[in-house]
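# Coordinate inspection notes
Residue-level listing of the chains:
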Amino acid sequence: GGLASEEHFSVTTGAQKAALMAKLAMRPSKVVVLKNMVDASEVDEQLEEEITEECSKFGEVTKVIIATLEEGGKKVVKIFVVFAAEPSTHKAVAALDKRWFGGKVVHASVYDQDRFQRQDYTG
């Protein structure tokens with residue numbers, strides 16, 4: 001019956017929710033976020049160009065967005081790199097995550113494409 005299956009839908013346990021989040025994390029995305037690469041004071045016109053050049057090694061870069069956000073009372077710079085093709089995203093993350101860059105350890109991860117398109121840079 002239709003009713004029973006609908007009821008089943010509304011019951012979500014923590015484990016199911018976690019599984020769903022993990023699945024969402026695996027969704028195809030062409031967006032990479034780089035954290036801890038630069039300080040807010042180091043953001044300049046050249047940065048976007050440098051990032052584009054650096055990330056072009058992994059595939060065609062279609063867009064770079066540098067977002068400076070307030071987090072926990074301090075300015076945090078997140079660099080979003082949009083690739084033309086999804087496999088480039090994984091190559092970039094594999095190569096850039098935990099890499100030293102200008103005396104800092106960079107954190108690179110795949111960023112949720114829907115979130116990015118909504119201009120939600122808080123993730």
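Criteria and cut-off values
Residues numbered from 1 in each chain as written. Predicted model: local features only at pLDDT ≥ 70, side-chain atom pairs only at ≥ 80, totals over all residues. Heavy atoms only, no water. Phe/Tyr/Trp six-rings, centres within 6.5 Å; stacked < 30°, edge-to-face > 60°. Helix = DSSP H or I, 4+ residues; strand = E, 2+ residues; numbered from the N terminus. Buried < 20%, exposed > 50% of the residue type's maximum accessible area, 1.4 Å probe, protein only.

### Some remarks on the packing of aromatic side chains
The description of two aromatic rings rests on the distance between their centres and on the angle between their planes. Counting across every chain of the model gives 4 aromatic pairs. On the numbers, 4.8 Å between centres and 75 degrees between planes, the contact of Phe 80 with Tyr 111 is edge-to-face. Highlighted residues: Phe 80 in strand β3 (residues 74-83) and Tyr 111 in strand β6 (residues 107-111), separated in sequence by 31 residues. The burial state of Phe 80 is the same as that of Tyr 111; both residues are buried. Aromatic pair Phe 80 and Phe 116: ring centres 5.7 Å apart, planes at 45 degrees, arrangement tilted. Of the two residues, Phe 80 is situated in strand β3 and Phe 116 in helix α5 (residues 113-117); the sequence distance between them amounts to 36 residues. Residue classification places Phe 80 among the buried positions, given a relative accessible area of 0%. With relative accessibility at 8%, the residue Phe 116 sits in the buried group.

### Comments concerning unusual backbone geometry
Even without being a glycine, Asn 36 presents a positive backbone phi close to 65 degrees. Turning to its location among the elements, Asn 36 is positioned in the loop between β1 (31-35) and α3 (45-55). Taking relative accessible area as the criterion, Asn 36 reaches 35% and is therefore assigned partly exposed. At Lys 98, a residue that is not glycine, the phi angle is positive and equals roughly 65 degrees.

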